[in-house]
Amino acid sequence: PAQGQLFEVELVFDPRRAADTLEIEITDAPGLVLEGEKTAKFGPVEAGQSYTAKVLVKGDDAGLYYIGVLAKMATQVQTESRAFAVPVVIGDPAAGQKPAAAAVLDAQGQAVQPMKAEEPR
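To start, this report covers the structure provided alongside it. (Residues numbered from 1 in each chain as written. Predicted model: local features only at pLDDT ≥ 70, side-chain atom pairs only at ≥ 80, totals over all residues. Heavy atoms only, no water.)

### Quick notes on the overall build of the chain
Part 1: For the chain, the helix and strand inventory stands at zero helices and seven strands.
Part 2: In the chain, the succession of α and β elements from N to C terminus is β-β-β-β-β-β-β.
Part 3: Evaluated residue by residue, the chain yields a buried proportion of 23% over its 121 residues.
Part 4: Counting only contacts in the chain whose residues sit at least 6 apart along the sequence, the fraction spanning at least 24 positions is 64%. (Helix = DSSP H or I, 4+ residues; strand = E, 2+ residues; numbered from the N terminus. Buried < 20%, exposed > 50% of the residue type's maximum accessible area, 1.4 Å probe, protein only. Contact = heavy atoms within 4.5 Å.)

Dropping the structure here:
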């Protein structure tokens, strides 16, 4: 999406086990603005079923950002939590330059020259 454009992110959860409840908390990062509900709760949760939460997001500047997601499944016996970072690209950020490889030096401090490997015939 373009800078300043509101867009929807759909998060789908597919639990492998049944639970009493599935609670979702969604958090933004600096540079992102979340609008609307930032939590969702489902219950009872069945294994193999999909549960969907949607959030509206807007980014002010071009770049790579992450939406934080915390999913908590609770039963009468225990509560398990998982955290996720969902990448979001806003606008057309400049591609990062690959850093130049550092020179490899031998024991005397001389640069080692790379050469192709050859197998004996």
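### Looking at unusual backbone geometry
Part 1: Cis rather than trans, the peptide bond between Gly43 and Pro44 has omega equal to -15 degrees.
Part 2: By the secondary structure assignment, Pro44 is in the loop between β4 (39-42) and β5 (51-59).

### With respect to the sheet that holds strand β1 (residues 6-13)
Part 1: Taken in spatial order, the three strands of this open sheet run β1-β5-β3, and their pairing is antiparallel. The open sheet has two edge strands with one neighbour each: β1 and β3 (32-35). For this sheet the average axis-to-axis angle between neighbouring strands, irrespective of direction, equals 35 degrees.
Part 2: For β3 and β5, the ladder comprises four bridges, and the chain directions are antiparallel. (Pairing = 2+ DSSP bridges. Axes fitted to C-alpha atoms, helices over the stretch in contact; angles between N-to-C directions.)

### Considerations on the sheet that holds strand β7 (residues 79-90)
Part 1: Across the sheet, four strands lie side by side as β4-β2-β6-β7; this open sheet has antiparallel pairing. Edge positions in the sheet fall to β4 and β7, since each has one partner strand and no second. Going from strand to strand, the sheet's axes swing by 15 degrees on average, the running direction of each strand aside.
Part 2: Judged from the 12 bridges that link them, strand β6 (residues 63-74) and β7 form a sheet pairing that is antiparallel. Paired with Ala71 across the strands is Arg82, a residue of β7.

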